[in-house]
Amino acid sequence: MNASEFRRRGKEMVDYVANYMEGIEGRQVYPDVEPGYLRPLIPAAAPQEPDTFEDIINDVEKIIMPGVTHWHSPYFFAYFPTASSYPAMLADMLCGTKVIHRLQAASPELTQAAIMEKLVAYSSDQAHSSVERAGLIGGVKLKAIPSDGNFAMRASALQEALERDKAAGLIPFFMVATLGTTTCCSFDNLLEVGPICNKEDIWLHVDAAYAGSAFICPEFRHLLNGVEFADSFNFNPHKWLLVNFDCSAMWVKKRTDLTGAFRLDPTYLKHSHQDSGLITDYRHWQIPLGRRFRSLKMWFVFRMYGVKGLQAYIRKHVQLSHEFESLVRQDPRFEICVEVILGLVCFRLKGSNKVNEALLQRINSAKKIHLVPCHLRDKFVLRFAICSRTVESAHVQRAWEHIKELAADVLRAERE
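Residues numbered from 1 in each chain as written. Predicted model: local features only at pLDDT ≥ 70, side-chain atom pairs only at ≥ 80, totals over all residues. Heavy atoms only, no water.

In the nomenclature of an unreviewed UniProt entry, the chain corresponds to Aromatic-L-amino-acid decarboxylase from the organism Homo sapiens. In UniProt, the chain has this text filed under Cofactor (unreviewed entry): "pyridoxal 5'-phosphate". (UniProt positions renumbered as here; feature names shortened; annotations may be inferred.)

Here's what the structure looks like:
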């Protein structure tokens, strides 16, 4: 979809929404379809080739609307007025309900407070800061496992931490493994840490927020090896799958571990299908009672691009990152700091952190391009991530020329 078509379809969509709101009083406020009605009406897989916009809009009325409760109808008097809701955070699992139940069953004298004091969770020292924040919200200890030379978590370091903590009377219960870390896009070794987590009865959560989208391409699926050991898996289609923010997709191996923690059934929320097994009631999966229709955004994108279109988008970004990597390697003043696997290149000027900090300051002050840094061990490193949907080779080339010019200025100033 180019800018011209976006403009035309955008006007049509505004008209569609306006017509919907104007005519909502004439729509039946509550659907009369049965749970499961949608499954036979949609294909089991995304189309290999793109569908037309007209077909998608027609299906919205024909397939989606019959199952919609019209919360904005003047005849809607249930619950409260409609408000935004947000997906549950990783901290929801960090509360440890599953572990607490298991330990109290074995030792009834243990209180929940006594168990919570001993719970400990783990992640790589390269994990995103949101993991640490989740630990704070969940009220449990979170320990960082030192990564190896490739910035990946390995079995030996994890096992050492587990043995040390168990000897100290702590209870290991949760571990976050990252596929595609924010700092440098490194990959924790699931084939090594997964069996340990399963053996020790530790919940293994896989955070693939960025890299998860790349697994639609067969050539990157080896990075998933060991995922069979995971208890839950999360990735963000809004990062790299052309879905607008926010959209986070999560899978759990055993849903009752979550629903058992959050299930409450006050009278005003009960309905006739809640125990039928025909529907998935997501209010038992999270803290908010409702959630936005995020899957509709994914449905649109999958149909408009097709699997092949999305694969081409991912591959283009990876190709551009390797193009930038090649340019950096051709300049002896610079170094690549970690293997380039997907769409991120970590690089720096050879030399001190101070000179690289000065380079970044000049880059961002010039405002022609924008970069952010990271620390890899004791090194200050610049991150070049392929982000935009419209980025082309020419943009990468111009960015590199700009970086080279500013690097020359920095090095000249250092000599003087």
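Caption draft 1: Summary view of the UniProt feature "modified residue: N6-(pyridoxal phosphate)lysine" (unreviewed entry) in the chain. The UniProt entry lists Lys239 under the feature "modified residue: N6-(pyridoxal phosphate)lysine" (unreviewed entry), expressed in the numbering used here. By secondary structure assignment, the location of Lys239 is in helix α9 (residues 237-240). Of the residues examined, Lys239 reaches a relative accessible area of 43% and is grouped as partly exposed. Apart from the residues within four sequence positions on either side, Lys239 is in contact with Ala209 and Tyr210. Looking at Lys239, its side chain comes within polar contact range of the side chain of Asn236, at 2.8 Å. (Helix = DSSP H or I, 4+ residues; strand = E, 2+ residues; numbered from the N terminus. Buried < 20%, exposed > 50% of the residue type's maximum accessible area, 1.4 Å probe, protein only. Contact = heavy atoms within 4.5 Å. Polar contact = N/O pair within 3.5 Å; in protein donor to acceptor, adjacent residues only side chain to side chain.)

Caption draft 2: Quick look at the packing of aromatic side chains. Applying the stated criterion to the full structure yields 8 aromatic pairs. With centroids separated by 5.9 Å and ring planes inclined at 40°, the aromatic side chains of Phe173 and Phe174 adopt a geometry described as tilted. For Phe173, a relative accessible area of 3% puts it in the buried group. Grouping aromatic residues by their ring pairs yields a cluster made of Phe324, Phe334, Phe347, Phe384 and Trp400. (Phe/Tyr/Trp six-rings, centres within 6.5 Å; stacked < 30°, edge-to-face > 60°.)

Caption draft 3: Geometry of the environment of Gln126. Considering the arrangement of structural elements, one finds Gln126 in the loop between β1 (119-124) and α6 (129-138). Take Gln126: its relative accessible area is 5%, and that puts it in the buried class. Separated by 21 residues in the primary sequence, Gln126 and Ser147 place their C-alpha atoms 7.2 Å from one another. Those residues in contact with Gln126 that sit more than four places away from it in its chain are Ser147, Phe151, Thr181, Thr183, Cys184, Ser186, Leu376 and Arg377. There is a polar contact of 2.9 Å between the side chain of Gln126 and the side chain of Thr183.

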